[in-house]
Amino acid sequence: MYKFMSVFYSVIILSQLDFCSTETTSSQMTTEDSVQSKKSKTEHRDLPEGWSDFCMEVNNKSSTDVISFKCTIHGHNSGRWSYEEMRNHIAPRSMKYRFDIECLHGANISLRWPFKARNLKELKVQNCILTEFYGDYENKMLATFQDELEYLSLSNVVAMVDIYDLVYFAGTIVNITQDTLCGNDHSLIEMTMSNLTYDFGASTETFFQNLLNETTGEHNIKEDPVMNKAQNLYTDIFEVDHVCNYKRLKMYDYSINSSPGTFYVDLKTERSSYPVLENLNFSFTPFGEKYSVDDLLNNWAKYYPTLQAMDISHCNIKKLDVVSTIKSIDKGNSHKLVVNLTDNNIKELEVAVLENIVNEEQVFFNFSRNPLNCSCTEDMKELIRFVQEKSKWNIAKYARYAYIRKMQCYFPEQLNGMLLKDLKESLLLCRDVFSLTETIVEEAVVFLSVFSFLLLVVIFILVKFRREIRILTYTRFHILLPCQSEEAFEEKKFDAFVSYSNEDHLWVTSVFENNCIDGLRNFKFCLHHRDFIAGKTITENIIDSIESSRHTIVIMSKNFLNSSYCLYEFEEALRQSISERKRHLLVIMLENVAQDKMPKVLQTCLKTFTYISKDDKIFMDRLIYSLSYKRRGQMTNNAKFVAAYENELCKETEKQDSTSTFHKNVYESVIPQGNTEKEKTDNYNIFP
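One structure accompanies this document, and this report is about it. These numbers come from a predicted model, not from an experiment.

## With respect to the overall build of the protein
The helix and strand tally for the protein stands at 23 helices and 22 strands. For the protein, the accessible surface area stands at approximately 34,800 Å², while carbon and sulfur atoms represent 52% of it.

As structure tokens, then:
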């Protein structure tokens, strides 16, 4: 969040100042070979002490009174190049200085706007992180000597700015000094501020923590000084008395600025003067989101009376509108301007606009390499006739724009790459009313066919999986469908009696006894090893448990079929279902059992009753649905927890101590086991 707000604040305030660009981003640092990495044996007398480690003098054939240095700042020299130290060192000397500084591996230097120093002729910085950037914001000493810097270039640099300083600047903008506002405006000949970005560093987190409302946990906008001061910044900055007069500036490069200020263009012209400016570069700056061509060329002849070239390529400009620009041209001024509009996002060309452009001889617009849309429109038909009228292209004013005829279509896909001069109306894929009606009918038929097919698929799914849908809508979404009948409440001691073989007790206890599954916790189950009453016969316990339970759950397995008493419990449960005339009996298939090995009555039952397989993907949904009371407007017996079943299978319980007597298994006793089925029955050891 802090990084986002840093970007937001830089757009609000830093973009308003005519010497600033915006948005907190990371600069693209390049790595090149070092020109000098070892400390020189002797210090250069024209450099501050220790600077010979990273700076070396280079030949300067253009001037004998200027000494030039190339400084390569490595990681181990990061922070050693100091603007204040340099300024104090060269000030009393008779020579003029040029510094070409390149940082490697994210190194930083101290550099203070507006880079004003005695005897500093040229300053070029690339790929560096800049500290102390606004260290001279209120330095009154800068006004005691004249501007001397003639060539300034900052490329791919990041200026570290404290957000508290930003708040202070916003509140004191009316008191800004001439030097801070304009820099070396009287001396600069060439100025490049390309890909200059800002980073607020650790100050952002501290700043926002102080604005955080601990009660609500939200950022307190009303107490935000940046927001409050930014509201007055637009009006305050126009109350500044200073006007920047770049009286020697011939080239100004403000390219690769990812977020230009909201009134940057107005500020640049109304508060600045460029009497000899010849080249202006705004390329790779997304003006197209906020400004039109007319906005960017607003009164250019007035504010840039000697301008020869303006580069606004790669600016995402979407429309070629130059009406105001042409109307504002001073016919008494004979100088001509070339405007580079290539590689923008201009998709349409109007013939009326093109005629105005062609007839204006003082401005030449190059808008080639734009993605033209050659769809069938009246404007496109008119453009084709304009381009293919060969006689006019021999006239000089049209011949200047001969590249228009070679512009390519980008859209639609069928015409991609076709030149305008080769395009014909018959190729525009235009359709008459009859063809359009026919197409609409065809599309309607296709739509209805697809819709009908999908409807049939849905109906098929609803019919084939209707039971599963009823189960899932009830257990997952607590909805009882209209086609489902409600059940009358029946008061019984248990929700279900579980009939199983003792060989399967680990799985049974993990599901029905250990309370590990949320969906079954509110059901009350009768288990023979826990709930049979001592003193009663086995038969009595079975009959009482079945009658006092709403359901009997049969855990069907091979072990179950080998137990006579398990089969007896099954028969009693079946009789209970018949007597109560409802689905009292629930069968869970614990494993695959061949039906031909089952008793006849069990085979008949499985054909009549729907059983539940343990391996069913919605096993727990089916079980809870079968056990629950189905009532509209409510869910009973905790069925709402079924969705969590898949993640809550219990671990198998540890094997119980074989010395346990009645609590382990009411049927296991000191009675010896028999060898035959009859002996097993006689001895009551019916759960192998």
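Once the structure has been displayed, the description carries forward.
## Description of the sheet that holds strand E22 (residues 612–613)
The pairing of strands in a sheet comes from backbone hydrogen bonds and takes either a parallel or an antiparallel form. If you trace the 5 strands from one edge of the open sheet to the other, you get E19-E18-E20-E21-E22, paired in parallel fashion. The two strands at the open ends of the sheet, each matched to only one other strand, are strand E19 (525–527) and E22. Sheet topology places strand E21 (residues 585–589) next to E22; 2 bridges connect them, and they run parallel. By the bridge assignment for E22, Met 589 is matched with Ser 613.

## Here we look at the state of the cysteines
Within this structure, the stated rule accounts for 4 disulfides. Disulfide partner of Cys 182: Cys 244, at an S-S distance of 2.0 Å. Taking the torsion about the S-S bond as the criterion, the Cys 182 to Cys 244 disulfide, at about -80 degrees, is left-handed. One end of the pair, Cys 182, is in helix H4 (residues 178–182); the other, Cys 244, is in strand E9 (residues 244–245), and 62 residues separate them in sequence. No difference in accessibility class separates Cys 182 from Cys 244, as the two residues are buried. With its sulfur 2.0 Å from that of its partner, Cys 374 forms a disulfide with Cys 409. Taking the torsion about the S-S bond as the criterion, the Cys 374 to Cys 409 disulfide, at about -85 degrees, is left-handed. Taken together, the positions of Cys 374 in the loop between strand E16 (372–373) and helix H12 (378–387) and Cys 409 in strand E17 (residues 409–411) put the pair 35 residues apart, joining distant regions of the chain. The same class applies to Cys 374 as to Cys 409, namely buried.

## Structural notes on the pairing of strand E2 (residues 66–73)
Where a strand is regular, its side chains alternate between the two sheet faces. In terms of burial, E2 is a largely internal element, 8 of the 8 residues being buried. In E2, alternate side chains face the same way, and those of Val 66, Ser 68, Lys 70 and Thr 72 on one face and Ile 67, Phe 69, Cys 71 and Ile 73 on the other are all buried. Note: E2 against strand E3 (residues 96–103), 8 bridges, orientation parallel. Its bridge partner lying in E3, Phe 69 is registered against Phe 99. Taking the sense of rotation as the criterion, the β-α-β connection linking E2, helix H2 (residues 83–90) and E3 turns out right-handed.

## Quick notes on a negative patch on the surface
A surface patch of negative charge is lined by Glu 348, Glu 350, Asp 379 and Glu 382. Mapped onto the fold, Glu 350 is located in the loop between strand E14 (337–340) and helix H11 (351–359).

## Thoughts on helix H15 (residues 466–475)
Where H15 is concerned, the buried positions are Ile 471, Thr 473, Tyr 474 and Thr 475. In the core, the buried residues of H15 are packed alongside helix H22 (619–627).

## Some words on the packing of aromatic side chains
For the structure shown, the criterion picks out 30 aromatic pairs. Ring geometry for Phe 386 against Tyr 398: centres 6.2 Å apart, planes inclined by 55 degrees, an arrangement best described as tilted. With Phe 386 in helix H12 and Tyr 398 in helix H13 (residues 396–399), this pair connects stretches of sequence that are 12 residues apart. By relative accessible area, which is 3% here, Phe 386 ends up buried. On the basis of relative accessibility, which here comes to 8%, the residue Tyr 398 falls in the buried class. Here Phe 512 and Phe 525 contribute two aromatic rings whose centre-to-centre distance is 4.9 Å and whose plane-to-plane angle is 70 degrees, an arrangement assigned as edge-to-face. Residue Phe 512 is located in helix H16 (residues 505–512), and its partner Phe 525 is located in strand E19; the two are separated by 13 residues in the primary sequence. With relative accessibility at 3%, the residue Phe 525 sits in the buried group. One aromatic cluster in this structure is built from Trp 51, Phe 54, Phe 69, Trp 81, Tyr 97 and Phe 99. Residue placement shows Lys 464 over the ring face of Phe 465; its charged tip is 5.6 Å from the ring centre.

Conventions used here
Residues numbered from 1 in each chain as written. Predicted model: local features only at pLDDT ≥ 70, side-chain atom pairs only at ≥ 80, totals over all residues. Heavy atoms only, no water. Helix = DSSP H or I, 4+ residues; strand = E, 2+ residues; numbered from the N terminus. Areas by Shrake-Rupley, 256 points an atom, 1.4 Å probe, with all protein chains shown as cover. Pairing = 2+ DSSP bridges. Disulfide = S-S within 2.5 Å. Buried < 20%, exposed > 50% of the residue type's maximum accessible area, 1.4 Å probe, protein only. Right-handed = clockwise from strand over helix to strand, strands pointing away. Patch = residues over 30% accessible without salt bridge, like charges linked within 9 Å, V, L, I, M, F, W, Y side chains within 5 Å. Salt bridge = Lys/Arg side-chain N within 4 Å of Asp/Glu carboxyl O. Lys, Arg positive; Asp, Glu negative; His and termini not counted. Charge placed at Lys NZ, Arg CZ, Asp CG, Glu CD. Contact = heavy atoms within 4.5 Å. Phe/Tyr/Trp six-rings, centres within 6.5 Å; stacked < 30°, edge-to-face > 60°. Lys NZ or Arg CZ within 6 Å of the ring centre and 35° of its normal.

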